[in-house]
Amino acid sequence: MKYVLFAAVALMAAPLYAQNQQDLGQPLLEGGEVETIDEGEGLSGSVSFEGNLDDLGIAIPGFATDRDVATPANASGTAALGKELARVITSDLRNNGLFKPTGPDALPQPGFSEITAPNWPTWSNRGAEMLVHGYVRGRSDDRLTVGCYLYDMALQQELVREGWVVQPADWRRAAHKCADLIYARLTGESPFFDSRIAYIAETGPKDNRTKRLAIMDSDGANHRFITTGRSTALTPRYSPDYKQLVYLSYVDGNPRIYVYDIGTGRQTLITQSSNPTFAPRWSPDGRWILYSMAVGGNTDIYRVSARGGESQRLTDTPGIDIGGSYSPDGSQIVFESDRSGSQQIYIMNADGTGQRRLSFFGGRAATPEWSPRGDQIAFTHIAGNFNIAVMSPNGRNLRTLTNGWQDEAPTWAPNGRIIQFFRTERNSGKTGLWQVDLTGDNLRRLPTPVDASDPAWGPILP
Amino acid sequence: MNTRVATGLMLASTIALAACQKKAPEELPPPPTETPAPAPAPTGPAVGSQQHFVSAVGQENTVVYFDTDRFNIDAEDQSKLQRQAQYFSQYSQVTFTIEGHCDERGTRDYNLALGERRANAAKNYLVSIGIPANRIRTVSYGKERPVALGSNEAAWAQNRRAATITIG
């Protein structure tokens, strides 16, 4: 017992010695930064489970607290918040078809001292191969410290641990960070839960839709409308640092691209030209913005520094050249062009040189989006119906992932394993956000307050 | 509309000025002669209003339609645009917008560009038959503003259009 207490105290004191604190910059909402606490190296033995990861049982009881104190994060103190943290982690994993999680409402509540020394007999007959423990502590500065531990039941051994200090408003980020830690440790993939989505919220009849720019967490929480809906908003994209959004607005009566600053609420035109501009995209490093501009009816792709200045024209054909998505290293751009007579996917160097066609598999191919991993390009394949497909960056290995009437506009999860898109229903015109695994499995609709389209999944939060 | 209001105001102020004159005229005006009754004030839509434009050229001539993914102006479109051009030649003060639209069976970005191309195709034809380009504004709504709500070929054909709207 003495040893356990000592270990716990040492762990809780760790924030004082934190080495790798992350500065998250400007707050996105009323929340703030999440500091990663250096809790020392967790044990990193190999996972004992050798089966299909879909069948891996994970027990996620409520997070413990050392002292139930009031926190601005909720109305009922840190003990209740501990359960809520575990619920968010359970939903993250369950909703994405990952593992077989069991949440805190079906499990006993471990005490604070058990977090670093699980009471193994309590958990051994629950059909779970993995056990998650965690704690939440209210700090004197109102912030919260959240720790997350993953244990292998068969080995009775810790696999990984991490801790974070968050603003009360950002408490869900700590849960997403824990879900990411579990997911990354067990699959070897990169994390994706701690990220946000920009999209267009739709209401009203088909011939008079109100379209508002909206943002939310990757699980749909912390939803917020950015525009009022008085003017139509379309095709948003988060900047890689989440400080800005580019999107199309008809606010002055014409379709034009604006850069919206989330911190100040100010927005500026991407170019002072009076020509219509469409289809904005960020470069992965956030230094460039691609946009498409119609001059005399002919649309070409341009790039401009995110800090403003002169635009550079990248395409120059009589056809419609539009959209564009950078390779993760920023050296190449995939885009859409009908220069051959119908919409097809092309590739070029980032300076516009070396343009050549990639898609040669029948039908039309539109809205290409390069995976953050670089190994796939997702796009809308139009062959009768509209569906989401992927191909290799060399234009080969076409795989169709969905089977809808109109599935359109793929956007990648930060780790390149899940694709989100929007689906339009025939006749009613109702729209919703959906996502599907790169394998074509786990197709599901993402809940949104109203109809939704034009999703854009941002990177892991900085 | 504004012109008429301004004219009315000018007339009213002239009458007001006349009423202010104190001295009687030295010479009486000649007695009124028989004049035909003035034409009744126009009760129809104002010149340049969309209603006036539609009643002058016919609703069917205010919109040209396109095939899937096309933006060419065919013979039928030309005759409609010629009818529009007659109106805009007659009322040379009227400026107008050509809205380019697409059906729902296209991706959003591409449809915005295609709608722009359709609006410009109609504009370019009007310019080629003598309507000054500076009187014509274009705007693309892509697939955002359908007029026919079904998801079938008949509805899509009605939505692939360039519609002329006066700036009244």
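Just so it is clear, the model here is predicted, and its values are computed rather than measured.

A word on the sheet that holds strand β12 (residues 256-261) of chain A
Residues and elements named next belong to chain A. As summarised here, the arrangement of the four strands in space is β10-β11-β12-β13, forming an open sheet in which the pairing is antiparallel. Two strands in the sheet have a free side with no partner beyond their single neighbour: β10 (233-238) and β13 (267-269). Averaged over neighbouring strand pairs, the angle between their axes works out to 25° when direction is ignored. With four bridges connecting them, β10 and strand β11 (residues 244-249) associate as antiparallel partners. In the sheet register, Y238 faces β11, and the bridge partner there is L245.

Regarding the pairing of strand β5 (residues 144-152) of chain A
All names here are of chain A. With respect to burial, β5 is a largely interior element, eight of its nine residues being buried. Bridging between strand β4 (residues 130-138) and β5 involves nine bridges; their strand directions are antiparallel. The residue bridging R137 from the neighbouring strand is T145, located in β5. The antiparallel pairing of β4 with β5 creates a hairpin that spans five residues between the two strands, and D142 there sits at a positive phi of about 80°. Once β5 ends, the chain turns through four residues before running back antiparallel as strand β6 (residues 157-166), passing Q156 with a positive phi of about 50°.

Some points on unusual backbone geometry
Unlike most non-glycine residues, Y242(A) shows phi in positive territory, near 65°. Along the polypeptide, Y242(A) turns up in the loop between β10 and β11.

Observations concerning the interface of chain A and chain B
With 31 residues of chain A at the interface, the matching set in chain B holds 22 residues. Mapped onto the side of chain A that touches chain B, the elements with two or more residues apiece are β10, β14 (277-282), β15 (288-295), β18 (321-326), β22 (364-370) and β26 (406-412) of chain A. Along the lines of polarity and charge, the residues of the side of chain A that touches chain B split into ten nonpolar, 15 polar and six charged.

So, the nonpolar core
Core analysis: the largest hydrophobic core is formed by 144 residues, its most contacted members being L85(A), I89(A), V132(A), A174(A), Y199(A), Y247(A) and A122(B). When residues of this core are sorted by domain, at least three fall in each of domain 1 (2-187) and domain 2 (195-460) of chain A. In contact with Y199(A), not counting residues within four places along its chain, are A214(A), P236(A), L433(A), A452(A), S453(A), D454(A), P455(A) and A456(A).

Points about the packing of helix α2 (residues 50-57) of chain B against helix α3 (residues 75-90) of chain B
Residue and element names in this part refer to chain B. Where α2 meets α3, the closest approach of the two axes is 10 Å, and the angle between their N-to-C directions is 125°. Considering their axes alone, α2 and α3 lie oblique with respect to each other. In this structure, α2 meets α3 at a crossing whose hand is right-handed. On α3, the residues touching F53, A56 and V57 of α2 are R83, Q84 and Y87. Across the contact of α2 with α3, the residue classes tally to four nonpolar, one polar and one charged.

The rules we used
- Residues numbered from 1 in each chain as written.
- Chains lettered and ligands numbered in written order.
- Predicted model: local features only at pLDDT ≥ 70, side-chain atom pairs only at ≥ 80, totals over all residues.
- Pairing = 2+ DSSP bridges.
- Helix = DSSP H or I, 4+ residues; strand = E, 2+ residues; numbered from the N terminus.
- Axes fitted to C-alpha atoms, helices over the stretch in contact; angles between N-to-C directions.
- Buried ≥ 20, exposed ≤ 12 C-beta atoms within 10 Å, placed from the backbone.
- Contact = placed C-beta atoms within 7 Å.
- Nonpolar A, V, L, I, M, F, W, Y, C, P; charged D, E, K, R; others polar.
- Core = buried A, V, L, I, M, F, W, Y, C linked by C-beta atoms within 7 Å.
- Domains from an automatic or database assignment.
- Parallel < 35°, antiparallel > 145°, perpendicular 65-115°, else oblique.
- Left-handed = near helix turned anticlockwise from the far one by under 90°.

Limitation: the analysis is restricted to geometry and does not speak to function.
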